[in-house]
Amino acid sequence: MPNTLATAARKVSAAKELSRAVPKAKPGEPALQKNHTEIYTYFTEIGGTQLLLTAQEWLRVRLTLETAGPVAVGTRQQIDPVLSGKGVLLPVGQEVEFVLPRGDRLFITAASINRVKFITEAIPWLQAITAEISKNASTIVGALGSLVRRGKPKSAADLPPCPPPPRRGR
Amino acid sequence: MHQTQASDEVLRGKDFWRLRQQLESAGDIFEIDESVIALYVGPDSDAADLKVTYFDPAQPNGLQSAVISPGTPFNGRLDALLDQAIPATGQKARILVQPADIIGVTYLRPVLPQPAVIVRIPTFIDLIGVFGELIQVPTQRSDRQFRTPVLTVGAGGTGFPNSTDIVFPLYNRRCWSVEVSRSPSAVSMDVDISAVRLTPGANNQPVSLGSMSFAGISVEQTQSLSFRACETGLDSADVQRPGGLWDLLLVNLQTTAGGGPTPASVAITASDREG
């Protein structure tokens with residue numbers, strides 16, 4: 001089957017990628033970039049689980065806890081209390097990276113005010129590859145299904161004769 | 001109970017917060033509402049030993065404590081969990097800090113009459129909490145210095161009219177010196193230096209460390225005495241000098257009865273280093 005992951009990636013031409021990444025600008029405005037990187041500082045709230053972000057597309061999220069914590073993040077809707085183990089604790093001063101598929105949500109909880117360096121970076125090529133894979137996968141499944149339907153015997157007469165039974169020796 | 005502003009420092013983007021405040025009583029407790037990865041005694045602290053109490057669910061009452069002192073920090077994450085309550089008290093699980101030393105901000109000599117003038121040098125707490133990476137912790141406090149303006153000794157007042165006390169916070173300093181200068185005066189003056197180790201609920205008797213005498217002559221005079229914690233025995237004037245660590249240093253200036261007032265100034269320096 002020629003549709004491998006590599007060929008799927010090659011199929012995504014640069015022009016197509018650019019048109020996907022950069023939306024059409026309004027007349028008189030410079031072209032906007034859609035898949036931009038966001039960098040900011042997030043200050044945690046005391047108690048409860050807060051929604052940190054919803055991934056509108058595939059995202060690489062990098063978090064660095066700049067204070068002593070404890071701060072936990074996770075994809076479940078309720079991860080508090082912070083030390084409950086429902087999320088993962090962010091280490092102090094070390095960057096932690098997550099890749100979030102489109103539609104996933106990231107939650108955060110803390111028991112005091114903390115400072116978290118927050119960087120999100122869109123991964124448009126991963127979005128494209130995923131789309132291609134899912135399209136190709138459906139094609140493959142459809143092709144296999146038709147092969148199976150075409151090769152299915154209609155009656156017992158279409159089947160090949162059974163082999164003779166083995167002889168029993170004395 | 002005093003609130004600290006540690007969360008403000010988080011919002012300002014700092015890697016540490018500092019609590020430097022004058023102690024008002026021996027029972028001062030400070031609430032910290034931010035977690036830290038290390039706590040240590042700051043350079044300007046008079047109080048040497050600080051007791052840190054924090055939430056520990058493994059303990060029967062939910063509380064655990066540690067004492068930090070200069071050169072002995074607490075290295076490890078201490079959590080302030082403001083969304084949880086301490087089972088024993090029902091209060092929010094903050095970090096609490098209080099002086100482990102007995103703070104004698106109202107110390108009075110147990111003998112009467114009291115000196116007419118008592119100059120109390122304020123006692124400060126200096127505590128540093130680290131949010132980010134701990135680089136280096138100082139092992140000693142910076143030297144504590146105090147210089148009086150020109151005091152008029154023997155100017156009268158209630159109590160012992162020709163006597164003035166200076167109460168200086170020592171709290172485990174290992175070396176200290178007292179320098180007394182006196183302008184030309186016909187009045188003679190005696191200086192007695194003593195120290196106190198405080199015990200709970202008592203104004204303990206001071207122990208004399210040494211003395212200086214200023215004769216009534218018309219030239220300026222300066223004398224000094226210095227002490228070390230490890231020094232014991234007799235000094236050159238055959239005065240017994242008890243070594244050790246003390247809480248308060250008392251410098252008493254006293255003119256001869258009926259001699260009248262005389263100007264004098266005092267400089268005190270205390271250090272954590274004996275060398």
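Just so we're clear, the structure is a prediction, and the values are computed from it rather than from any experiment.

Novice: What should I look at first to understand the overall build of chain B in this one?
Specialist: When helices and strands are tallied, chain B shows one helix and 21 strands. When burial is assessed residue by residue, chain B has 49% of its 275 residues classed as buried. Accessible surface, chain B: about 12,200 Å² in total, of which carbon and sulfur atoms supply 50%. Chain B carries 20 positive and 29 negative side-chain charges, and their two centres are separated by 2 Å.

Novice: Looking at this model, I keep getting lost on the overall build of chain A. Mind explaining?
Specialist: On a plain count of helices and strands, chain A comes out with three helices and eight strands. Its helices and strands taken in sequence order, chain A reads α-α-β-β-β-β-β-β-β-β-α from the N to the C terminus. A total of 170 residues make up chain A; the buried ones form 34% of that total. Within chain A, contacts between residues at least 6 apart in sequence are counted, and of these 79% link residues at least 24 apart. As presented, chain A carries roughly 11,100 Å² of accessible surface, and 58% of it is formed by carbon and sulfur atoms.

Novice: It is not clear to me how the nonpolar core should be interpreted in this structure. Could you clarify?
Specialist: A general tendency of soluble globular proteins is for nonpolar side chains to be buried together. Residues and elements named next belong to chain B. Counting residues in hydrophobic clusters, the biggest one holds 32 residues, and the most contacted among them are Trp-17, Leu-39, Leu-50, Val-52, Leu-127 and Leu-248. Excluding its chain neighbours within four sequence positions, the residues that come into contact with Val-52 are Leu-39, Gln-64, Ser-65, Ala-66, Ile-68, Leu-78, Ile-95, Leu-96 and Val-97. Listed in part, the 28 residues of the second largest apolar core include Trp-176, Met-189, Leu-253 and Ala-270.

Novice: Would you mind showing me how to read the interface of chain A and chain B here?
Specialist: Size of an interface, as often reported, equals the accessible area lost when the parts are brought together. In this complex, chain A contributes 19 residues to the contact, which on the side of chain B involves 21 residues. Among the residues chain A hides against chain B, the three largest losses belong to Ala68(A), Ile113(A) and Arg115(A). Together they make up 34% of the total. Scanning the region where chain A abuts chain B turns up one salt bridge. For Asp15(B), the salt bridge goes to Arg115(A), with nearest N and O atoms at 3.5 Å. Remark: the boundary between chain A and chain B carries seven residue pairs in polar contact (both at pLDDT 80 or more). The residue inventory of the side of chain A that touches chain B, partitioned by class, reads 12 nonpolar, five polar and two charged.

Novice: Looking at this structure, I do not really get the sheet that holds strand 8 (residues 115–122) of chain A. What am I missing?
Specialist: The pairing of strands in a sheet comes from backbone hydrogen bonds and takes either a parallel or an antiparallel form. Residue and element names in this part refer to chain A. The strand order across the open sheet built from four strands is 1-8-3-6, with neighbouring strands paired in antiparallel fashion. The sheet is open, and its two edges are formed by strand 1 (37–43) and strand 6 (95–100), each paired on a single side. On average, each strand axis in the sheet is tilted by 20 degrees relative to the strand beside it, whichever way the strands run.

Novice: Would you mind showing me how to read the side chain of Glu34(B) here?
Specialist: Considering the arrangement of structural elements, one finds Glu34(B) in the loop between strand 3 (30–32) and strand 4 (36–41). The side chain of Glu34(B) is buried and forms no salt bridge, while Arg115(A), the nearest opposite charge, is found at 8.4 Å. Apart from the residues lying within four places of it in its own chain, the contact partners of Glu34(B) are Ser112(A), Ile113(A), Ala6(B), Ser7(B), Val10(B), Ala80(B), Ile95(B) and Phe131(B).

Novice: In this structure, what is going on with the confidence of the model for chain B? I would like to understand it.
Specialist: Interpreting fine coordinate detail is not advised for predicted regions of low pLDDT. Within chain B, residue pLDDT values average 84, and 92% of them lie at 70 or more. This complex was scored by the predictor with a pTM of 0.75 and an ipTM of 0.73.

Novice: Quick question: what am I supposed to make of the sheet that holds strand 4 of chain B here?
Specialist: Residue and element names in this part refer to chain B. What the four strands build is an open sheet, ordered 2-12-4-7; its pairing is antiparallel. The open sheet has two edge strands, strand 2 (16–22) and strand 7 (74–78), and neither has a second partner. The sheet shows a mean angle of 25 degrees between the axes of neighbouring strands, direction not considered. Pairing of strand 4 with strand 7 involves three bridges; the strand directions are antiparallel. Bridge assignment links Ala-38 to a residue of strand 7, and that residue is Asn-75.

Novice: What's the story with the packing of aromatic side chains in this structure? I'm lost.
Specialist: Residue and element names in this part refer to chain B. Summed over all chains, the structure comprises three aromatic pairs over all chains. Taking 6.0 Å as the distance between ring centres and 25 degrees as the angle between the ring planes, the aromatic pair formed by Trp-176 and Phe-227 counts as stacked. In this pair, Trp-176 is assigned in strand 16 (residues 175–182) and Phe-227 in strand 19 (residues 221–228), connecting sequence segments 51 residues apart. As far as the burial class goes, Trp-176 and Phe-227 line up, both buried. In this structure, Arg-20 is placed above the aromatic ring of Phe-124, and the distance from its NZ or CZ to the ring centre is 4.3 Å.

Novice: I keep staring at unusual backbone geometry and nothing clicks. Help me out?
Specialist: Working note: non-glycine residues mostly have negative phi, and peptide bonds are mostly trans. Of note, the bond from Gly69(A) into Pro70(A) is cis; its omega dihedral lies within 30 degrees of zero at -5 degrees. By secondary structure assignment, the location of Pro70(A) is in the loop between strand 3 (59–65) and strand 4 (71–74). Asp80(A) connects to Pro81(A) through a cis peptide bond whose omega is 0 degrees. Locating Pro81(A) in the fold gives a position in the loop between strand 4 and strand 5 (88–89). Unusually for a residue other than glycine, Tyr171(B) sits at a positive phi of about 35 degrees. Here Tyr171(B) shows up in the loop between strand 15 (160–169) and strand 16. The backbone of Asn172(B) sits at a positive phi, close to 70 degrees, despite the residue not being glycine. Here Asn172(B) falls in the buried class, since its relative accessible area comes to 16%.

Novice: Just to check I follow, could you spell out the state of the cysteines for this structure?
Specialist: Disulfides are covalent bonds that connect the sulfur atoms of two cysteines. If you walk through the whole model with that rule in mind, you get zero disulfides over all chains. Free cysteine: Cys175(B), not disulfide-bonded; nearest cysteine sulfur from Cys230(B) at 8.8 Å.

The rules behind the values
- Residues numbered from 1 in each chain as written.
- Chains lettered and ligands numbered in written order.
- Predicted model: local features only at pLDDT ≥ 70, side-chain atom pairs only at ≥ 80, totals over all residues.
- Heavy atoms only, no water.
- Helix = DSSP H or I, 4+ residues; strand = E, 2+ residues; numbered from the N terminus.
- Buried < 20%, exposed > 50% of the residue type's maximum accessible area, 1.4 Å probe, protein only.
- Areas by Shrake-Rupley, 256 points an atom, 1.4 Å probe, with all protein chains shown as cover.
- Lys, Arg positive; Asp, Glu negative; His and termini not counted.
- Charge placed at Lys NZ, Arg CZ, Asp CG, Glu CD.
- Contact = heavy atoms within 4.5 Å.
- Core = buried A, V, L, I, M, F, W, Y, C linked by side-chain atoms within 4.5 Å.
- Buried area = accessible area lost by both parts, 1.4 Å probe.
- Salt bridge = Lys/Arg side-chain N within 4 Å of Asp/Glu carboxyl O.
- Polar contact = N/O pair within 3.5 Å; in protein donor to acceptor, adjacent residues only side chain to side chain.
- Nonpolar A, V, L, I, M, F, W, Y, C, P; charged D, E, K, R; others polar.
- Pairing = 2+ DSSP bridges.
- Axes fitted to C-alpha atoms, helices over the stretch in contact; angles between N-to-C directions.
- pLDDT = per-residue confidence, 0-100.
- Phe/Tyr/Trp six-rings, centres within 6.5 Å; stacked < 30°, edge-to-face > 60°.
- Lys NZ or Arg CZ within 6 Å of the ring centre and 35° of its normal.
- Disulfide = S-S within 2.5 Å.

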